[in-house]
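Structural characterization, general
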Amino acid sequence: MRALDRVALILGLGFLYAPILVLAVYSFNASALVTVWGGFSTRWYGVLFADAPLIEAARVSLLVALCAATLATILGTLAALALDRGGRFAGRGAFTGLVSVPLVMPEVITGLSLLLLFVGVGLDRGILTIVIAHATLGLGFVAVIVGARLRGLDRALEEAASDLGAGAARVFATITLPLIAPSVAAGFLLAFTLSLDDLVIASFVSGPGSTTLPMRLYSQVRLGVNPEINAASTLLVGAVTALVLTASWLSGRRASA
């Protein structure tokens, strides 16, 4: 790698990650002023865990992310199976497009569209609507990850099981699912991360009593940044980073195998 490439890489990584590093460092600031370093302290993490509204928002976010990721994983895996194992069927092109739309659709448009849908069908906004919205966002990512694994799968194993008398359901449960399990797990973690990190879509489809952690943090930041917000943001960034790295490790592990 040439010197100019190294410099460009370092500057690019610094531009992306330096603010996050500063955020993490100042979450341990003893001073109540976020721009003045007053020494190392874990005081604001204690304040954070004593903040009942923030903890409740975190509980809602975890509940929504778990439900949405589970639903997205099931639907995304079924979509990948339909596209890779279903052969040619009427509406295949339209189905492929519908599965891929959440990957490229701006979140503002997705949130507004879902809001109009929920209003149109008379569904009260709350945790359920956020789960549906986040599952819609995540299923496309799951379908892409699982579909990539299915395309690289040795079909001879499934055909051999079918020749020995196993039905389609048994072939999937005993052959296909164990082989794609790491990709399914990676898709689940990615969908969980997307739900946990989402602010825009949740802002459109949430209702009373369903404020998520990103929404709570955003509302507090508008009134002023304090070290407690730094602490909460650091924990959120750490959780998202761990989930993304785990998903990448699972995908890489299966690819290496």
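This one's a predicted model, so the numbers in the text were calculated from it and none came from an experiment.

Counting secondary structure elements, the protein contains 11 helices and 0 strands. Along the protein, helices and strands appear, N-terminal first, in the series α-α-α-α-α-α-α-α-α-α-α. Over its C-alpha atoms, taken along the principal directions, the protein stretches across nearly 70 × 60 × 35 Å. Across the 257 residues of the protein, 35% fall into the buried class. Taking the intrachain contacts of the protein between residues at least 6 apart in sequence as the baseline, contacts between residues at least 24 apart amount to 72%. Total accessible area on the protein is roughly 14,100 Å²; 70% of this is exposed by carbon and sulfur atoms. Both charge centroids of the protein, one from 16 positive and one from 13 negative side chains, sit 4 Å from each other.

Should pLDDT be low for a region, the predicted coordinates there are not to be read in detail. Per-residue confidence for the protein gives a mean pLDDT of 83, with 96% of residues at or over 70. Across the protein, element-level confidence peaks in helix H9 (residues 200-205) with a mean pLDDT of 92 and bottoms out in helix H11 (residues 227-256) with 75.

So, how was this worked out
Note on numbering: residues in each chain are counted from 1, in written sequence order. Local features in this predicted model are restricted to residues of pLDDT 70 or higher, and side-chain atom pairs are both shown and tallied only at a pLDDT of 80 or more, whereas totals for entire chains, interfaces and linings draw on every residue. Side-chain metrics rest on all non-hydrogen atoms present in the structure, leaving aside hydrogens and water. Secondary structure elements are defined from DSSP: runs of H or I of at least 4 residues count as helices, runs of E of at least 2 residues count as strands, and each element is numbered from the N terminus. Each residue gets one of three labels from its accessible area relative to the maximum for its type: buried under 20%, exposed over 50%, partly exposed in between, using a 1.4 Å probe on protein chains only. Whether two residues touch is decided by their heavy atoms; if any such pair falls within 4.5 Å, the residues are in contact. Areas reported here follow the Shrake-Rupley algorithm with a probe of radius 1.4 Å; residue values treat only the protein chains shown as occluding. The sign given to each residue is positive for Lys and Arg and negative for Asp and Glu; His and the chain ends receive no count. By convention, the charge on Lys lies at NZ, on Arg at CZ, on Asp at CG and on Glu at CD. pLDDT measures how confident the predictor is about each residue, on a scale from 0 to 100.

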